[in-house]
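# Descriptive structure summary
This is what each chain is made of:
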Amino acid sequence: MERPADQIIVIFGASGDLTKRKLLPSLYLLYKTERTPEKFAILGVGRTAYTDESYREFINNQIRSFIREDEIDETLLADFIAKLYYETMDPSIEDEYQKLVSKLNSLTPLIDNKQNYLYYLATPPSLYTYIPTYLNAVGLTDEQGKDATKRVIVEKPFGYNLTSALKLNSIFNTAFHEHQIFRIDHFLGKETVQNILALRFANGIFEPLWNRNIVVYVGITAVENLGIADRGGYYDTSGALRDMVQNHLIQLVALTAMEPPALFESESFRNEIVKIYQSLKPIPESQVTSNVVRGQYIASISGKTPIKGYREEKNITPQSRTETFIAMKVFIDNWRWGGVPFYIRTGKQMPTKVSEIVVHFKKTPHMLFKGSEYSSAPNRLIIRIQPNEGIALKFGLKVPGSNFNIQQVAMDFAYDSLGGVPSGDAYAKLIEDCMLGENTLFTRSDAVEASWKYFDPILKLWNARTDIPLYGYPAGTWGPLESNLIMEKGHTWTNPCKNLTNTDLYCEL
Ligand code: BG6
């Protein structure tokens, strides 16, 4: 396996939640499986004051809660922690970057004086406007011909609307070249999301079915059974559309709908994704309410446990109109998909955590087995992204017995049978890709812009028109019933069972 070139990983926002929960645990797992560079250092940067020593101590105490117990090897973990360094600085002040230059100069001998730096922006988005510019000002973005690599990973949300996304792209593209910028969407790092590509493009049987002639509609669900925890400050200014739909869900639409790329390489692949975004059929103002339904969870009781409503959560304004649920109908205006609705929905405080894509095929032209309950149930292909990762094809078969009764059965494949989904999750895969300079699974600037272009008018309209409903739904339910009204006749959401266990991979309500 190719190992990345020696490099220093600089994490902005080093004491934050993402760093503790995802970035350092992923880097540790990469280290443990020998997928980091032979020589590397991790430099944490942030306003909170630490020394190298106190930062190591802080991380040593925190990281264990986010790594599976069986993956902790004390010796390796101690070696890994010893590779952490820290610089206290305010990334919004230009002069502070001299400290970063000195610290990097002192660490560069550890990687044989190669100036390969990877910057990870795990900060609040308000800092994104400063960091690239100031890194550039002190010469830390220049790749010196091909002698050094300077890459930057930037977390979502990339922009708040179209205007801010355009501005951010311009700031990043002034400081870096596009090949140096890695806009991360962690859904693309999920094994099962990548498997959509394998399913579609490593098999011949699906292609003839994958179009408007055979597919009637597609349902994409990515819901969670938790609220917003302690992320109220961020979430209340974001909402479900910016947090999940504009990036993760629309990526799932693109992977399901895209044309096969000519080559499995970055530009071919990303060109096809952009084409889907550019084909999204704009929703006219007059049709927003009939195509997009938003909701917000309200207090309820699960068993005997009370669940708070969104407006009672920490750091949420009591009159907040931020949506925690969205269901919408999306059309892709191209030859393959013209007229086929893609229904997408996401929500917090739903009955379960599940992400899946359900492709609904045409039903039989003639009902042969009359009177049988399932005789005309259409075939469906379910791609389960999480949990119980796998794929199932639903079809009808005869129930044993003298009557000709048809029942829906599932031919299913559980991802576990291939050895399971490796731990370390999406972040490890994407950080490894970035260290290798492989940007296929990262979002290109034109894709971000095309996606915002599609969603921006909806956000603008919601902002301008307070009469557009925000439906309350009791926490622990499948969202407002109005979400069914966007469905065309005969189309339905598939709601997986609440307690998905390994034995009922695809059970539905
Ligand atoms: C993040 C969102 O990008 O994705 C969160 O900000 C959401 O609100 C999370 O909970 C869901 O990701 P996953 O991998 O847990 O499905």
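Computed from a prediction, not measured in an experiment: that's the story for all the values here. Along each chain, numbering runs from 1 in the same order as the chain's sequence is written. For this predicted model, a pLDDT threshold of at least 70 governs which residues receive local features, and a threshold of 80 or more governs which side-chain atom pairs are given and counted, while totals over whole chains, interfaces and linings are taken from all residues. In computing side-chain values, all of the structure's heavy atoms are included and hydrogens and water are not.

## A word on the site of the ligand
So the rule is basically this: One heavy atom within 4 Å of a molecule or strand is enough for the residue carrying it to be called near that molecule or strand. N or O atoms closer than or at 3.5 Å make up a polar contact, with two conditions inside protein: a donor-capable atom paired with an acceptor-capable one, and, for residues adjacent in sequence, both atoms drawn from side chains. Computed by Shrake-Rupley with a 1.4 Å probe, the accessible areas treat only the displayed protein chains as cover when residues are assessed. Helix and strand definitions here come from DSSP, where helices need a minimum of 4 consecutive H or I residues and strands a minimum of 2 consecutive E residues; each element is numbered from the N-terminal end. Classification convention: Asp, Glu, Lys, Arg as charged; Ala, Val, Leu, Ile, Met, Phe, Trp, Tyr, Cys, Pro as nonpolar; all other residues, Gly among them, as polar.
In the vicinity of the ligand, the contacting residues are Lys156, His186, Phe187, Lys190, Glu224, Arg231, Asp243, Met244, His248, Lys348, Lys353 and Gln386. Interatomic distance of 2.7 Å between a side-chain N/O atom of Lys156 and an oxygen atom of the ligand. At a separation of 2.8 Å, an oxygen atom of the ligand approaches a polar side-chain atom of Arg231. Across the complex, the protein chains shield 81% of the 400 Å² of accessible surface that the ligand would expose by itself. Ranked by the residues each element gives to the shell around the ligand, the list is headed by helix H8 (residues 232-257), at three residues. Partitioning the shell around the ligand into residue classes produces two nonpolar, three polar and seven charged.

## Side note on helix H3 (residues 74-81)
Convention followed: The cut-offs for exposure are 20% and 50% of the maximum accessible area for each residue type, with area from a 1.4 Å probe on protein chains only; residues under the lower value are buried, those over the upper are exposed, and the others partly exposed. This arc describes the spread of directions from the helix axis toward the C-beta atoms.
All of the buried residues in H3 are Leu77, Phe80 and Ile81. The buried residues of H3 occupy one face: seen down the axis, they fall within an arc of 95°. Its side-chain oxygen placed 3.0 Å from the backbone nitrogen of Thr75, Asp73 serves as the N-cap of H3.

## Focus: the side chain of Asn211
Let me state the cut-off plainly: The criterion used for residue contact is that any of the two residues' heavy atoms lie within 4.5 Å.
By the element assignment, Asn211 lies in the loop between helix H7 (191-201) and strand S7 (215-223). There is a polar contact of 2.8 Å between the side chain of Asn211 and the backbone nitrogen of Asn213. Excluding residues that lie within four positions of it along the chain, Asn211 makes contacts with Arg336 and Trp337.

## Thoughts on the packing of helix H9 (residues 266-279) against helix H12 (residues 445-464)
Two packed helices can be described by the angle between their axes and the distance between those axes. The test is simple: Here an angle of 0 to 180 degrees is reported between the N-to-C directions of two axes, which are lines fitted to C-alpha atoms, with helices fitted over the stretch in contact. Angles are sorted into four bins: roughly parallel if under 35 degrees, roughly antiparallel if over 145, roughly perpendicular if 65 to 115, and oblique for all others. The hand of a helix crossing depends on one turn: near helix anticlockwise from the far one by less than a right angle means left-handed, and clockwise means right-handed.
Here H9 crosses H12 at 15°, and the two axes come no closer than 8 Å. Here H12 runs roughly parallel to H9, going by the angle between their axes. When you trace H9 past H12, the crossing you get is left-handed. Each of Val274, Tyr277 and Gln278 in H9 lies in contact with H12, whose residues at this interface are Asp446, Ala447, Ala450 and Ser451. Residue composition of the contact of H9 with H12, grouped by class: four nonpolar, two polar and one charged.

## Considerations on the sheet that holds S7
This is how the line gets drawn: We call two strands paired when DSSP finds no fewer than two bridges between them.
Spatial ordering of the open sheet is given by S16-S15-S14-S13-S7-S12-S11-S8-S17, a layout of nine strands whose pairing is mixed. Both outer strands of the open sheet, strand S16 (406-414) and strand S17 (471-474), are each paired with one neighbouring strand and no more. Taking the axes of each pair of neighbouring strands and ignoring which way they run, one obtains an average angle of 20° across the sheet. Sheet topology places strand S14 (residues 380-386) next to strand S15 (residues 390-398); five bridges connect them, and they run antiparallel.

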